[in-house]
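Next come the chains, spelled out residue by residue.
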Amino acid sequence: MKKIGILTYHRVFNFGSLLQTYALQRYLENKGQAVEVIDYYPERLQKKRLLFHVNPKWRRPIWKMIVHLIPAVITRLLGYHMMDTFLAKYVHLTDKVYKTEEDLKKNCPTYDIYLNGSDQVWNVETADGLVDRVFFMEFLPEECVRAAYAGSFGKDSFSEESLMEIKKYLSKYSAISVRENSGLSILDKIGIKGGQWVLDPTFLLKPAQWREIETKTQLPKRYLLVYNLNRNQRITNLAQKIASERGLQIVNFAHSFVFIKGAKNIIYPTPNLFITLFENAEYVVTDSFHGTAFSINFGRQFICVPAPRFNSRLNSILELIGEPDRLLQEDDNFEIINRKIDYTEVEEILENERQKADKFIEKIINL
């Protein structure tokens, strides 16, 4: 048995981030390993920084800021409560919370293997435009074993300065896998050899394992699920068209009180209910990577709408299952919308990829 410390984005009120953390931890534990998630909680993610944050475009006039801020604060509080509750119940965190690289250097937890999890850990845009050295394990002594499972750069291009810095850090890793196939191109560009493209951690658990932590709730018998992270009106319009054609009720994740008229609107469900909603949906419309991942894992019919940025992760998973056209570029392309996904073929692909992922994880455990 090895002691493994996972370092990933877990302190964010985002369903995908929380569930991929849980999935990787549980998968490793099922293989007989002792696992902790290093509780790295930098100031940029903390409540005191984010709770009352207002985008500059909403700051004037003052009434506009207030109208924007009130629902935003309420939903952020709900988000923090959801995150804290799930982490406390399902994720094995270190006793100490680490806020900075210096905190980790002074009191570094001891493991046999230090493992990056997934979810944009190497995306500089999520770290105030900087390369967060903690997510590249720079707090560790040189002799420590570093590895990455499904690490994500989040985008396809970086400045030359960032690339050189990333190369310096990743050169110390004993094994690297990435979540998007575009990540392999980045590794190749900086001269890192031997990288592997693997499934997001949420795919490591099969539907039966996810059902073990789902929450039962009263839902419409037949419904279309809307998971719209970017509050894109195009998604709402498309969902209403599809639901009307198929005779489905709409169930909507209502971020910051963004409701859909006539829908069952749910504000910040728990991650457990997130699982239930995807499992039972007849159709899903989303711009989310993890919304897409859970739709695929549960064998749902779905369509993706491009997000404003970071679409490489959607492209990657859709190409893997042979459905690249599901990233819908035109609203009226009902040939794609109505074409049924053959999940017999998809399951074969996923099973092969799970076996590859398992071999990579075994390689990490045996480092």
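Presented here is a report on the structure given in the accompanying data block.

Observations regarding helix α1 (residues 15-30)
End to end, α1 covers 22 Å across 16 residues, agreeing with the expected 22 Å (1.5 Å per residue, within 8%). Across the 16 residues of α1, 14 count as buried, placing the element largely inside the fold. N-cap assignment for α1: the residue whose side-chain oxygen lies 3.0 Å from the backbone N of G16 is N14. Positive phi appears at G32, one or two residues downstream of α1, with a value of about 85°.

A closer look at the packing of α1 against helix α9 (residues 271-280)
At a closest axis distance of 10 Å, the pairing of α1 and α9 adopts a crossing angle of 95°. Considered as vectors, α1 and α9 are oriented roughly perpendicular to each other. Touching F15, L18 and L19 of α1 are P271, F274 and I275, all from α9.

A short note on the layout of surface pockets
Where empty space is left can be seen by rolling a probe of water-molecule size over the atoms. Of the pockets and cavities examined, the second largest pocket occupies roughly 170 Å³. If you trace the second largest pocket, you find 14 residues lining it, with M82, T85, T270, P271 and N272 closest to the centre. Contributing elements (two or more residues each) for the lining of the second largest pocket: α3 (62-90) and α9. Per element, the largest residue contribution to the lining of the second largest pocket is 6 residues, and it comes from α3. Within the lining of the second largest pocket, the residues separate by chemical class into 7 nonpolar, 5 polar and 2 charged.

Some thoughts on the sheet that holds strand β10 (residues 283-286)
With parallel pairing, 5 strands are arranged side by side in an open sheet as β9-β8-β7-β10-β11. For this open sheet the edge positions go to β9 (264-266) and β11 (301-304), each flanked by a neighbour on one side alone. When strand polarity is set aside, the average angle formed by the axes of neighbouring strands in this sheet is 15°. Two strands pair when backbone bridges link them, and strand β7 (residues 223-227) and β10 are joined in this way by 4 bridges, in the parallel orientation. Paired with Y227 across the two strands is T286, which belongs to β10. The strands that α9 touches are β7, β8 (249-253), β9 and β10; relative to β7, the one it contacts most, it runs at about 135°.

Some remarks on unusual backbone geometry
Backbone geometry at R231 places phi at a positive 55°, although glycine is not the residue there. R231 gets classed as partly exposed once you look at its relative accessible area, which sits at 49%. With phi around 40°, Y268 is a residue other than glycine that occupies positive phi space. Position of Y268 relative to the elements: it lies in the loop between β9 and α9.

With respect to a nonpolar patch on the surface
Together, I70, I74, L78, F257 and F259 make up an exposed nonpolar region whose accessible area comes to about 440 Å². With respect to the helices and strands, I74 occurs in helix α3.

What to know about the sheet that holds strand β3 (residues 113-116)
If you trace the 6 strands from one edge of the open sheet to the other, you get β2-β1-β3-β4-β5-β6, paired in parallel fashion. Of all the strands in the sheet, the pair left with one neighbour each is β2 (34-37) and β6 (196-197). Note that strand β1 (residues 3-7) and β3 share 4 bridges and pair parallel. Residue L7 lies in a different strand from β3, and its bridge partner there is N116. Sheet contacts for helix α6 (residues 181-189): β5 (175-178) and β6; angle to β5, the most-contacted strand, approximately 135°.

A few points about the environment of A307
Tracing the backbone shows A307 in the loop between β11 and α11 (312-320). Since its relative accessible area comes to 14%, A307 is described here as buried. When the C-alpha atoms of A307 and G291 are compared, they prove to be 12 Å apart, with 16 residues separating the residues in sequence. If sequence neighbours within four positions are ignored, A307 has contacts with N230 and D287.

With respect to the pairing of β7
β7 sits mainly inside the fold: 5 of its 5 residues count as buried. Here β7 shows two buried faces, one formed by Y223, L225 and Y227 and the other by L224 and V226. Inspection of the sheet shows β7 paired to β8 by 4 bridges, in the parallel sense. Along β8, the bridge assignment pairs L224 with I250. Handedness of the crossover is the feature at issue here: the chain leaves β7, passes through helix α8 (residues 233-246), returns alongside β8, and the resulting connection is right-handed.

As for helix α13 (residues 343-365)
In this model, α13 (23 residues) spans 32 Å end to end at C-alpha, consistent with the 33 Å of a helix rising 1.5 Å per residue. Those residues of α13 that fall on the buried side of the exposure criterion are Y343, V346, L350, E353, R354, A357, F360, I361, I364 and I365. Capping the start of α13, D342 holds a side-chain oxygen 3.0 Å from the backbone nitrogen of T344, two or three residues further along.

About the criteria used
Residues numbered from 1 in each chain as written. Predicted model: local features only at pLDDT ≥ 70, side-chain atom pairs only at ≥ 80, totals over all residues. Heavy atoms only, no water. Helix = DSSP H or I, 4+ residues; strand = E, 2+ residues; numbered from the N terminus. Expected span 1.5 Å × (residues − 1). Buried < 20%, exposed > 50% of the residue type's maximum accessible area, 1.4 Å probe, protein only. Polar contact = N/O pair within 3.5 Å; in protein donor to acceptor, adjacent residues only side chain to side chain. Axes fitted to C-alpha atoms, helices over the stretch in contact; angles between N-to-C directions. Parallel < 35°, antiparallel > 145°, perpendicular 65-115°, else oblique. Contact = heavy atoms within 4.5 Å. 1 Å grid on protein atoms, 1.4 Å probe; cavity = no way out; pocket = protein on both sides within 12 Å on 5 of 7 lines; lining within 4 Å. Points joined across faces, edges and corners; volume = space filled by probe spheres on them. Nonpolar A, V, L, I, M, F, W, Y, C, P; charged D, E, K, R; others polar. Pairing = 2+ DSSP bridges. Patch = residues over 30% accessible without salt bridge, like charges linked within 9 Å, V, L, I, M, F, W, Y side chains within 5 Å. Areas by Shrake-Rupley, 256 points an atom, 1.4 Å probe, with all protein chains shown as cover. Salt bridge = Lys/Arg side-chain N within 4 Å of Asp/Glu carboxyl O. Right-handed = clockwise from strand over helix to strand, strands pointing away.

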